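Single-letter residue listing:
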Amino acid sequence: MEASAPCRARRGWRRSRAAGFPLSRAVVVLVFSALVLRAPPSVGYLAQLPRGIHLTQDSMKIVGSPNFPVKVYVMLHQKSPHMLCVTQRLRNSELIDPSFQWHGPKGKIISGNSTAQVTSTGSLVFQNFKESMSGVYTCFLEYKPTVEEVVKNLQLKYVVYAYREPHYYYQFTARYHAAPCNTIYNVSFEKKLLEILSKLVLDLSCQVFLLKSECHHVKMQRAGLQNELFFTFSVSSLDTEKGPKPCADHSCESSKRLSKAKILIERFFNQQVEVLGRRAEPLPEIYYIEGTLQMVWINRCFPGYGMNILKHPKCPECCVICSPGSYNSHDGIHCLQCNSSLGFGAKACL
């Protein structure tokens, strides 16, 4: 867990209640701090390959193996690599009168299918891959090594998995000196704070959610009681499907946009401290307590997906769809065992 500097000097400041409207001065500090910050230019959003995968020209075409099923990972709603109906040896050989036939979880694949296409050379490729397409695909190849030889048969299996980026987000906690608990001033301030934070990260295609807000009476060292608001909120990126426009630049990656949002938020809270430090007037009733901002980086997989470096070494940082016999019912990291789960992507163990 990262935290701001542990300095708590402002707790020793003299507290003075603003006469008449205790919320107004606090809001002015918030708004001024937000205006001082300058967000980076607006960016679009397009799903990028996770750091665990490095595609080359060859890896866009995958050959089969006669000894074991070959695992293929396709990002949700993206185009798949070409799965060839040949082995590495046959790929470099001449084949006489080859015949290709593909079968998937729903039966024989017709070449005219809009989402699953079989090319003239027998390759299988998916467009706009959906999680329901995950499963075992088998290619049946018939060919002659030479014109004089008899027809040979080969069967190749692929296990195709949908995957998606992990659900990355930051969780922040901050504390504010507050008005008396259960008053409307604290509620109004909370709404204004969330509104400002949301606008701050909007151009990064990020969103802010309030996780918890509590008011407590805190006994100070060698002092009396004071009211404090404990804010806990998350900052996450928008889902891949909700991105405003395509973007092929690496700056559009979820983790990079979140890192920029983190910097803006930390700067926003530091700015509040600087603004209060320059005030000649008494402190507002509600203000940020310096040194209380804390942050933790969290990554989770969506329900029906999980990480498993042993099962999926080629995609170690991917949230891969849960295989039959496993499930993930919530935002966990791993798929859990479930013998009654018969399909891919199970979100419950029934």
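Residues numbered from 1 in each chain as written. Predicted model: local features only at pLDDT ≥ 70, side-chain atom pairs only at ≥ 80, totals over all residues. Heavy atoms only, no water.

Q: Help me out: how do you make sense of the pairing of strand β13 (residues 225–237) in this one?
A: Consecutive side chains of a regular strand alternate in pointing toward one face of the sheet and then the other. Along β13, eleven of the 13 residues are buried, which leaves the element largely enclosed by surrounding structure. Where strand β11 (residues 167–177) and β13 come together, nine bridges link them in antiparallel fashion. Residue pairing for β13: Phe172 is matched across the bridge by Phe233. Across 13 bridges, strand β12 (residues 206–219) lies against β13 in antiparallel orientation. Residue pairing in the sheet places Lys212 in a bridge with Thr232 of β13. Hairpin geometry of β12 and β13 is characterised by an intervening segment of five residues between the two adjacent antiparallel strands and by a positive phi of about 55° at Arg222. (Buried < 20%, exposed > 50% of the residue type's maximum accessible area, 1.4 Å probe, protein only. Helix = DSSP H or I, 4+ residues; strand = E, 2+ residues; numbered from the N terminus. Pairing = 2+ DSSP bridges.)

Q: When you look at the pairing of β11 in this model, what are you seeing that I'm missing?
A: Of all eleven residues making up β11, nine are buried, and the element is well covered by its neighbours. By the bridge criterion, two bridges tie β11 to strand β14 (residues 287–288) in an arrangement that is antiparallel. Bridging across to β14, Tyr176 finds its partner in Tyr288.

Q: Explain the nonpolar core to me, please; I cannot follow it from the model alone.
A: Taken as a class, soluble globular proteins show a tendency for nonpolar side chains to be buried jointly. Ranked by internal contacts, the top residues of the largest apolar core, which has 41 residues, are Met83, Trp102, Leu124, Phe126, Tyr137, Tyr158 and Val160. With eight residues, the single largest contributor to this core is strand β10 (residues 152–164). With near-sequence residues (within four places) excluded, Val160 lies in contact with Val72, Val74, Met83, Phe126, Phe129, Ser134, Gly135 and Tyr137. With 32 residues, the next largest nonpolar core counts Tyr170, Phe172, Ala178 and Phe189 among its residues. (Core = buried A, V, L, I, M, F, W, Y, C linked by side-chain atoms within 4.5 Å. Contact = heavy atoms within 4.5 Å.)

Q: What's the story with the pattern of salt bridges in this structure? I'm lost.
A: Here the idea is simple: oppositely charged side chains can pair when their charged atoms come close. Enumeration according to the criterion identifies five salt bridges in this entry. The salt bridge partner of Glu195 is Lys192, with a shortest N-O separation of 3.8 Å. One end of the pair is Glu195 and the other is Lys192, both in helix α3 (residues 184–201) and three residues apart, which spans about a single turn. Given a relative accessible area of 36%, Glu195 falls into the partly exposed group. (Salt bridge = Lys/Arg side-chain N within 4 Å of Asp/Glu carboxyl O.)

Q: When you look at the state of the cysteines in this model, what are you seeing that I'm missing?
A: In the structure shown here, the tally under the stated rule is six disulfides. Disulfide partner of Cys181: Cys215, at an S-S distance of 1.9 Å. What sets the handedness of the Cys181 and Cys215 disulfide is the S-S torsion sign, and at about -75° it is left-handed. In this pair, Cys181 is assigned in the loop between β11 and α3 and Cys215 in strand β12, connecting sequence segments 34 residues apart. Using a relative accessible area of 17% as the deciding quantity, one classes Cys181 as buried. The partly exposed category is assigned to Cys215, whose relative accessible area is 25%. The disulfide partner of Cys338 is Cys349, and the S-S distance across this bridge is 2.0 Å. Of note, the bridge from Cys338 to Cys349 carries an S-S torsion of about 85° and is right-handed in sense. (Disulfide = S-S within 2.5 Å.)

Q: Would you take a moment to explain the packing of α3 against helix α4 (residues 254–277) for this structure?
A: The axes of two packed helices give the description: the angle between them and the distance between them. Where α3 contacts α4, the axes come no closer than 9 Å and their chain directions differ by 140°. Classified by the interaxial angle, the pair formed by α3 and α4 is oblique. When you trace α3 past α4, the crossing you get is right-handed. Along the contact surface, α3 presents Leu193, Ile196, Leu197, Leu200 and Val201, while α4 presents Ala261, Leu264, Ile265, Phe268 and Phe269. Grouping the constituent residues of the contact of α3 with α4 by class yields ten nonpolar, no polar and no charged. (Axes fitted to C-alpha atoms, helices over the stretch in contact; angles between N-to-C directions. Parallel < 35°, antiparallel > 145°, perpendicular 65-115°, else oblique. Left-handed = near helix turned anticlockwise from the far one by under 90°. Nonpolar A, V, L, I, M, F, W, Y, C, P; charged D, E, K, R; others polar.)

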